[in-house]
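The primary structure of each chain is shown beneath.
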Amino acid sequence: MDRVSSFDEPLKKLLGGATAKVMAEHLDLHTVGDLLHHYPRRYEERGKLTALADLPLDEHVTVVAQVADARILMFNNGRGKRLEVTLTDGSGRLQLVFFGHGVHKPHKELLPGRQAMFAGKVSVFNRKMQLAHPTYQLLDASDADEATEAVDAFAGRLLPIYPACKQLDSWRIAKAVDAVLPGAQDAVDPLPAALREGRGFTPLPEALLKVHRPQTKADIEDAKARLKWDEAFVLQVALARRRYADTQLPAVARRPVADGLLDAFDAKLPFTLTEGQEKVSKEIFDDLATEHPMHRLLQGEVGSGKTMVALRAMLTVVDAGGQAAMLAPTEVLAQQHHRSITEMMGELAEGGMLGGSDRGTKVVLLTGSMGTAARRQALLDLVTGEAGIVIGTHALIEDKVQFHDLGLVVVDEQHRFGVEQRDALRSKGKQPPHLLVMTATPIPRTVAMTVFGDLETSVLDQLPAGRSPIASHVVPAKDKPHFLSRAWERVAEEVENGHQAYVVCPRIGDDAEETEGKGGKKAKAKKAAPEEDGDKRPPLAVLEIADELRRGALAGLSVEVLHGRMHPDEKDDVMRRFAAGDVDVLVATTVIEVGVNVPNATAMVIMDADRFGVSQLHQLRGRVGRGSAPGLCLLVSEAHEASPARARLSAVAATLDGFELSRIDLEQRREGDVLGQAQSGVRSSLRMLTVIDDEEVIAAAREEAVAIVAADPDLEHLPELRTVLAALLDKDREEYLDKG
């Protein structure tokens, strides 16, 4: 066979149309390079050649023996089949066993008298040594030399097992890899020679040979170390180049002004900022003072005071003559932010109004459901510059919305906004505005470095003084129904003591098929995994639970509902009355997940808690314990005690550390989910690297990438790295990197 001259060679040329078609359609493999980067997911061990008399228990062995006897036995009233084969090699006897569909081929081939090699793990059944479902290769007894050669090639080998599909199993993929393996010599090595030698990495062609056809376990480790590093490094170079390109964009520097709005605001604060808030504010102010756009991710624990930090940044920009926009994912949240910001600012939020401060500015709200007159006035305030701060939903992005001088965009809960939306808002500034992204979902450092890799990161991990601890408990409603009764008693006790409570349900309840997604959007009810929900009942619903509580456990208390399909004015009215203390218990969907701030609410009961993700439960729990009284969060579940769902709930109950929980969440969901469908480019480029386990690799790769891009932004002296980057950054991946 001719040596493959290029990684870009289509597989069709080498493997034939039919195989290439299956690989393209089912495994997304199109070229020699694609197939060489389709790594084995594990290796089957074949032990050294062993005599039957010397078989060690629980170890992988290879034996050469003759079939003495083979018989099919029926079990389970004839529904099950088992093939038992007895081997002999003159030193002893051994039994093989094959089950189910796996009996047909060996039954035809392993006839008495045939000689073959068998590899598997030795176990004991009914006090007899056996190999279950061994791999085997028949030997031609007439050609002794060939048989010896075959035994040498077979025994002691590490057999690669590939990610396969129904149409193409692992051994056929292995044969295809054999056909293209010579092409590994043409692999373009993205690592600069100095870096590769400095870190003692195996050259790339050698790493590819070792990962596909290892002689030893050390070969596999060598190859993995090198291939993981490549993935991390190429991705971090791409992100470092994005960050570098952003630093080349022009922006208006927005520097703090003495005796301005910010100083007036700070002077009237009834508390001092935490050290964390001071530190993060300084990082943001330093960025705002530069003449290129800030791109910063502010991640903080629930209740760590991110809104305060963002507001101080917005006031700085207003002081410097610009405007600031805060983009929230839902109307409820936009209204909540508007209310809390105008309350925090007091007369400073009434610039130009009677009784307002002469140093103040106007803070306007802009949402899709506003009346025409209010909307017209808000748009006018923005275009004239009368309003220094605007808070709104995606309505802010519409064409009609014009700013006088947009200087800062604050995006709350960034993962709910697409690329296009953020870019549309960005384009409303005369020059690109500064950007601050806030998320209350703590992100493990490695994910922040990969998913948000083109944003600088600030972390608020300290809670403001006066925040109280939250006790969390799992309530097993199915096994111990009296625990649920006690939960409602606890809620009643909290109300009796002058406090309030939330009850959260996954579904609204006026349509059995719909739950409420994040931010009150409709979403199809997610079916629980079979082992987690034996009776397949629909998730509990707000309207039903509220009715039950009014009639039963919480009769006599003021119980109201809140969900995304209510009219905005109605939602606002309920939230206002709850915040004012007129409502005892609020039964809601996850619309309350983010940003709702009622310090007097001390208890939360989450129904069907196993139907929520770890991060979401942590977010929800952060709504209580916001005042001086301790919080209580009860996670009600019917999931079986041994199920993964219960394990997840126990993890949430065991810690209040959001970063620890996000790590648990990530370990359970793995990368595919975390990087998300929209970021498929990165998902498809991470074949060996796992963002949760390879923290050190990612951190080191980022450091090297930053140094290389700083020294040579266009990679002029590193043509191989440029080539590999161009291949990585196809359209999907460009979009992923644009997400930022």
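Structure's up top.
Calculation rules
- Residues numbered from 1 in each chain as written.
- Predicted model: local features only at pLDDT ≥ 70, side-chain atom pairs only at ≥ 80, totals over all residues.
- Heavy atoms only, no water.
- Helix = DSSP H or I, 4+ residues; strand = E, 2+ residues; numbered from the N terminus.
- Buried < 20%, exposed > 50% of the residue type's maximum accessible area, 1.4 Å probe, protein only.
- Contact = heavy atoms within 4.5 Å.
- Areas by Shrake-Rupley, 256 points an atom, 1.4 Å probe, with all protein chains shown as cover.
- Pairing = 2+ DSSP bridges.
- Axes fitted to C-alpha atoms, helices over the stretch in contact; angles between N-to-C directions.
- Core = buried A, V, L, I, M, F, W, Y, C linked by side-chain atoms within 4.5 Å.
- Left-handed = near helix turned anticlockwise from the far one by under 90°.
- Salt bridge = Lys/Arg side-chain N within 4 Å of Asp/Glu carboxyl O.

Draft legend 1. Just the overall build of the protein chain, in detail. Along the protein chain, the regular secondary structure elements total 26 helices and 23 strands. Split into buried and exposed, the 740 residues of the protein chain put 54% on the buried side. A separation threshold of at least 6 residues defines the contact pool for the protein chain, and within that pool the share at least 24 residues apart is 73%. As displayed, the protein chain has an accessible area near 32900 Å², and 50% of this comes from carbon and sulfur atoms.

Draft legend 2. Geometry of the environment of R93. Its location among the elements puts R93 in strand β4 (residues 93-99). Residue R93 is classed as exposed on the basis of its relative accessible area of 58%. For R93 and K128, which are 35 residues apart along the polypeptide, the C-alpha to C-alpha distance reads 9.6 Å. Dropping the residues within four chain positions of it, R93 is found in contact with L52, A68, T86, L87 and T88.

Draft legend 3. Highlighting the sheet that holds strand β20 (residues 559-562). Ordered by their spatial adjacency, 6 strands build an open sheet running β16-β23-β22-β17-β21-β20, and the pairing between neighbours is parallel. In this open sheet, the two edge strands, each paired with only one partner strand, are β16 (470-476) and β20. Direction aside, neighbouring strands of the sheet carry axes that sit 20 degrees apart on average. When strand β17 (residues 500-504) meets strand β21 (residues 585-588), the two strands line up parallel, connected through 4 bridges. Bridging from a neighbouring strand, V503 pairs with V587 of β21. In this fold helix α20 (residues 614-621) packs onto β16, β17, β22 (601-606) and β23 (631-637), with an angle of close to 150 degrees to the strand it touches most, β22. Helix-sheet contacts for helix α21 (residues 644-654) involve β16 and β23, and the interaxial angle to β16 is about 160 degrees.

Draft legend 4. Local environment of the nonpolar core. Ranked by internal contacts, the top residues of the largest apolar core, which has 39 residues, are M314, M345, I389 and L408. Element by element, the count of residues in this core is highest for helix α12 (residues 306-319), at 9 residues. The residues touching M314, leaving out its near neighbours within four places in the chain, are A324, M326, I341, I389, L408 and V410. Core analysis: the next-biggest nonpolar cluster, separate from the first, contains 34 residues, F7, A20, Y162 and L168 among them.

Draft legend 5. Local environment of the packing of helix α11 (residues 275-288) against α12. Where α11 contacts α12, the axes come no closer than 10 Å and their chain directions differ by 30 degrees. You can see that α11 and α12 cross each other, and the crossing is right-handed. Two secondary-structure elements touch here, α11 through Q277, V280, S281, I284, F285 and L288 and α12 through M308, V309, R312, A313, T316 and V317.

Draft legend 6. Representation of the pattern of salt bridges within the structure. Per the counting criterion, the structure on display carries 31 salt bridges. Residues D230 and R226 are paired through a salt bridge, measuring 2.8 Å at the closest nitrogen-oxygen approach. A residue pair is termed a helical-turn pair when its members lie 3 or 4 positions apart in one helix, as D230 and R226 do in helix α9 (residues 217-247) at 4 residues. As far as the burial class goes, D230 and R226 line up, both buried. Among the ionic pairs, R611 bridges to D608, the shortest N-O distance being 3.6 Å. Just as R611 is buried, D608 falls in that class too. Beyond isolated ion pairs, a larger network of salt bridges with shared partners links R486, E489, R490, E493 and E494.

Draft legend 7. Spatial organisation of unusual backbone geometry. Positive phi values are uncommon outside glycine, yet N126 reaches one of about 50 degrees. Here N126 shows up in the loop between β5 (115-125) and β6 (128-132). Phi is positive for D259, which is not a glycine, with a value near 60 degrees. Looking at where D259 falls in the secondary structure, it is placed in the loop between α9 and α10 (261-267).

All we've got here are geometric facts, nothing functional implied.
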